[in-house]
Amino acid sequence: MIVAVREKLYLGDSDAASDEENLLKMGITDICTIAEMKPEFPDTFHYLVIPVLDVPEADLISYFDEALTFISNGLNSGAVLIHWYVGISIMVL
């Protein structure tokens, strides 16, 4: 499932990030992956992979600057999907 946060910015799980047809239909050009996962479609989308486990104690704060730059650049050129494996790590922020 993909949820719109605002225009051109979406949140989703790993299933959403694996649906290439739907991602293209939504105009997504950049994918920020917060998980220890390899990009599934590296020839189609720009990726930032933040290699943390999807657990409540994951250290996401140390990646904020890099992620914000990636998201900002992605919003300037298209649409961005931010996705976790399940979304557990974000619950503590």
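Everything numeric here is computed off the predicted structure, so don't read it as measured data.

### Digging into the sheet that holds strand β4 (residues 46-50)
Logical step 1: Ordered by their spatial adjacency, five strands build an open sheet running β1-β2-β5-β3-β4, and the pairing between neighbours is mixed. In this open sheet, the two strands that pair with only one neighbour each are β1 (2-6) and β4. Within this sheet the neighbouring strands show an average axis-to-axis angle of 20°, counted without direction.
Logical step 2: As judged from the six bridges shared by strand β3 (residues 28-34) and strand β5 (residues 79-84), these two strands associate in the parallel manner. Bridge pairing links Ile 28 to Ala 79 in β5.
Logical step 3: Taken strand by strand, helix α3 (residues 64-77) contacts β1, β2 (9-12), β3, β4 and β5, and its axis lies near 165° from that of β3.

### Details of the nonpolar core
Logical step 1: Formed by 15 residues in total, the largest nonpolar core has its most connected members in Cys 32, Ile 34, Ile 50, Ile 71 and Ile 82.
Logical step 2: At the level of secondary structure, the elements contributing two or more residues to this core comprise β3, β4, α3 and β5.
Logical step 3: Other than its neighbours up to four places away in sequence, Ile 82 contacts Leu 9, Tyr 10, Leu 11, Gly 12, Cys 32, Ile 34 and Ile 71.
Logical step 4: The next biggest cluster of nonpolar side chains, apart from the first, holds twelve residues, and it includes Ala 17, Ile 31, Phe 41 and Leu 81.

### Quick notes on the confidence of the model for the protein chain
Logical step 1: A residue-level look at the protein chain finds 90% of positions with pLDDT of 70 or above and a mean pLDDT of 89.
Logical step 2: Least confident of the elements in the protein chain is helix α1 (residues 14-17), whose mean pLDDT is 90; most confident is helix α2 (residues 20-25), at 97.

### Some words on α3
Logical step 1: With 14 residues, α3 ought to run about 20 Å at 1.5 Å a step, and its terminal C-alpha atoms sit 20 Å apart, in line with that.
Logical step 2: For α3, the full list of buried residues reads Ala 67, Phe 70, Ile 71, Gly 74 and Leu 75. On an axial view of α3, the arc spanned by its buried residues comes to 130°, and they lie on one face. Exposed and oriented more than 90 degrees from the buried face of α3 are Asp 65, Leu 68, Asn 76 and Ser 77.
Logical step 3: In the core, the buried residues of α3 are packed alongside β1, β2, β3, β4 and β5.

Conventions and cut-offs
Throughout this description, residue numbers start from 1 for each chain and increase along the sequence as written. Totals for whole chains, interfaces and linings use all residues, but because this is a predicted model, local features are given only for residues with pLDDT of at least 70 and pairs of side-chain atoms are given and counted only at 80 or more. Calculation of side-chain values draws on the structure's entire complement of heavy atoms; hydrogens and water are dropped beforehand. What makes two strands pair is DSSP finding at least two bridges between them. Runs of H or I in DSSP of at least four residues are treated as helices and runs of E of at least two as strands, each being numbered from the N terminus. Angular values range over 0 to 180 degrees, each being the angle between N-to-C directions of two axes fitted as lines to C-alpha atoms, with helices fitted over their stretch in contact. It only takes one pair of heavy atoms within 4.5 Å for two residues to be counted as in contact. Take the buried Ala, Val, Leu, Ile, Met, Phe, Trp, Tyr and Cys residues and link them wherever side-chain atoms come within 4.5 Å; each set so joined is a nonpolar core. A simple rule labels every residue: compare its accessible area, found with a 1.4 Å probe on the protein chains alone, to the largest value its type can have, and call it buried under 20%, exposed over 50%, or partly exposed in between. Per-residue confidence from the prediction method is given by pLDDT, with values spanning 0 to 100. Residue count minus one, scaled by 1.5 Å, sets the expected span of a helix. Throughout, the arc means the angular range of directions from the helix axis out to the C-beta atoms.

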